[in-house]
Amino acid sequence: RLERLQRVVTKLQMESGLCEEQLNQADALLQADVRLLAAGKAPQKAAEVERDLDKADSMIRLLFNDVQSLKDGRHPQGEQMYRRVYRLHERLVSIRTEYNLRLKSGAPVTAVTAVSVTSGQRRPEPDEAPLRYLQELLAWVEENQRRVATAEWGADLPTVETHLGAHRGLHRAIEEFRAKVERARADEVRPLGAGDPLVLGGGDAAANHPAVPPQNSSKSRLRHLESLHGFVSAATKELLWLSEREEEEVAFDWSHNNPAMAAKKESYS
């Protein structure tokens, strides 16, 4: 048993290193495209970044399963390996958030950009930076609202713990999003001159697309996941206890010659 668990530790160490390399590669490609966007050029590596992130996501799910087998086997390195994989997951969430926010929605804003003027005639387009930033935030909100709404729950302790760890990382990113929302709201109502407010799509963006992160959904999911984890943990302990008692009963010597029979009868009574 110890040899098997030690092989799992070795596998975790090797594959977590590979996963870290995958994340480093995705981050390097992402930063290169971010620099292109800052220079007014089109990104070149978006598809590769998304592919690398998906690979890392799949690897981390398998790593969490291996970590759970260590924890179930009470291996001394179980908690250490869990922290290592959890840090990888946090980094994945961070890179994917930046990708969704800065690259996936980084295309120039054109069709949805408009300026309201009292004369009814279109003025020259203003600096698109605030508009583009607002569009990026809206895309981020929609993407993460979809992720929260379609996320799975898990049917046993390892998968529930995996989903709980994953959602804690996402929830932290959502909680940190408020400063960006406040900046977008400030930009949204900033006057462009001659008393004309900056608007999106010819109307009030806050009314059409409330730029509020899916905080309520995320909080609700986190609360339900923690409740589910508590229930499944308790149920798993009870099932393990029943399994241990069953093994004792099956292995017990039920013959009359067993000197422990009197104690057994007393225990049953």
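Reading the values: the criteria
- Residues numbered from 1 in each chain as written.
- Predicted model: local features only at pLDDT ≥ 70, side-chain atom pairs only at ≥ 80, totals over all residues.
- Heavy atoms only, no water.
- 1 Å grid on protein atoms, 1.4 Å probe; cavity = no way out; pocket = protein on both sides within 12 Å on 5 of 7 lines; lining within 4 Å.
- Points joined across faces, edges and corners; volume = space filled by probe spheres on them.
- Nonpolar A, V, L, I, M, F, W, Y, C, P; charged D, E, K, R; others polar.
- Domains from an automatic or database assignment.
- Phe/Tyr/Trp six-rings, centres within 6.5 Å; stacked < 30°, edge-to-face > 60°.
- Helix = DSSP H or I, 4+ residues; strand = E, 2+ residues; numbered from the N terminus.
- Buried < 20%, exposed > 50% of the residue type's maximum accessible area, 1.4 Å probe, protein only.
- Salt bridge = Lys/Arg side-chain N within 4 Å of Asp/Glu carboxyl O.
- Expected span 1.5 Å × (residues − 1).
- Core = buried A, V, L, I, M, F, W, Y, C linked by side-chain atoms within 4.5 Å.
- Polar contact = N/O pair within 3.5 Å; in protein donor to acceptor, adjacent residues only side chain to side chain.
- Contact = heavy atoms within 4.5 Å.
- Patch = residues over 30% accessible without salt bridge, like charges linked within 9 Å, V, L, I, M, F, W, Y side chains within 5 Å.
- Areas by Shrake-Rupley, 256 points an atom, 1.4 Å probe, with all protein chains shown as cover.
- Lys, Arg positive; Asp, Glu negative; His and termini not counted.
- Charge placed at Lys NZ, Arg CZ, Asp CG, Glu CD.
- pLDDT = per-residue confidence, 0-100.

**Focus on empty space enclosed by the protein**
As enumerated under the stated definition, the model contains 1 cavity of 30 Å³ or more in all. Its boundaries defined by the atoms lining it, the largest cavity holds a volume of some 40 Å³. Every residue lining the largest cavity is listed: F64, V67, Q68, K71, Y82, P158, E161 and T162. Looking at side-chain class alone, the lining of the largest cavity contains 4 nonpolar, 2 polar and 2 charged residues. Split by domain, the residues of the lining of the largest cavity number at least three in each of domain 1 (1-104) and domain 2 (130-188 + 214-252).

**Quick notes on the packing of aromatic side chains**
Taken as a whole and judged by the stated rule, the model has 4 aromatic pairs. Arranged with centres 6.2 Å apart and planes meeting at 85 degrees, the rings of W254 and Y268 form a pair that is edge-to-face. One end of the pair, W254, is in the loop between helix 8 (215-251) and helix 9 (261-268); the other, Y268, is in helix 9, and 14 residues separate them in sequence. Judged by its relative accessible area of 44%, W254 is partly exposed. On the basis of relative accessible area, Y268 is assigned to the exposed category, the value being 55%.

**Some points on the pattern of salt bridges**
For the structure on display, the rule yields 11 salt bridges. With a shortest N-O distance of 3.6 Å, E48 and K45 are connected by a salt bridge. Residue class for E48 comes out partly exposed when judged on its relative accessible area of 28%. For R96, the salt bridge goes to D54, with nearest N and O atoms at 3.4 Å. Placement of the pair is R96 in helix 3 (residues 78-104) and D54 in helix 2 (residues 46-72), with a sequence separation of 42 residues.

**Here we look at the layout of surface pockets**
Considered as a void within the structure, the largest pocket measures approximately 480 Å³ in volume. Around the largest pocket sit 25 residues that line it, and D57, R61, R147, A151 and A166 are the ones nearest its centre. Residue assignment for the lining of the largest pocket shows that the elements contributing at least two residues are helix 2, helix 3, helix 4 (129-150) and helix 5 (157-175). Partitioned by chemical class, the residues of the lining of the largest pocket number 8 nonpolar, 6 polar and 11 charged.

**Brief notes about helix 2**
Between its terminal C-alpha atoms helix 2 stretches 39 Å, which fits the 39 Å expected from 27 residues at 1.5 Å a residue. By the burial criterion, the buried members of helix 2 are V49, D52, L53, A56, I60, L63, F64, D66, V67, Q68 and L70. Positive phi shows up at R74, right after helix 2, with a value of about 55 degrees.

**Overview of the nonpolar core**
Judged by nonpolar contacts, the single largest core of 28 residues is most densely connected at L12, L23 and L53. Elements with a contribution of two residues or more to this core: helix 1 (2-38), helix 2 and helix 3. The element best represented in this core is helix 1, accounting for 11 residues. Judged by nonpolar contacts, the second largest core, of 9 residues, contains L101, L170, I174 and V181.

**Remarks on the side chain of N258**
Tracing the sequence through the fold places N258 in the loop between helix 8 and helix 9. Of note is the side chain of N258, whose polar atom sits 3.0 Å from the backbone nitrogen of A260. Excluding its chain neighbours within four sequence positions, the residues that come into contact with N258 are F252 and D253.

**What about a positive patch on the surface?**
Residues R1, R4, R7 and R74 make up a contiguous surface patch of positive charge. Note on placement: R4 falls in helix 1. Its relative accessible area of 44% is what places R4 among the partly exposed residues.

**Some points on the confidence of the model for the protein chain**
In low-pLDDT regions, the fine details of the predicted coordinates are not to be read closely. Per-residue confidence for the protein chain gives a mean pLDDT of 76; residues scoring 70 or more make up 76%. Put simply, strand 1 (residues 113-115) is where the protein chain has its lowest mean pLDDT, 34, and helix 8 is where it has its highest, 89. Here residues 192-211 is modelled with pLDDT under 50, and outside its nearest four sequence neighbours on either side it reaches 43 contacts, counting other chains as well.

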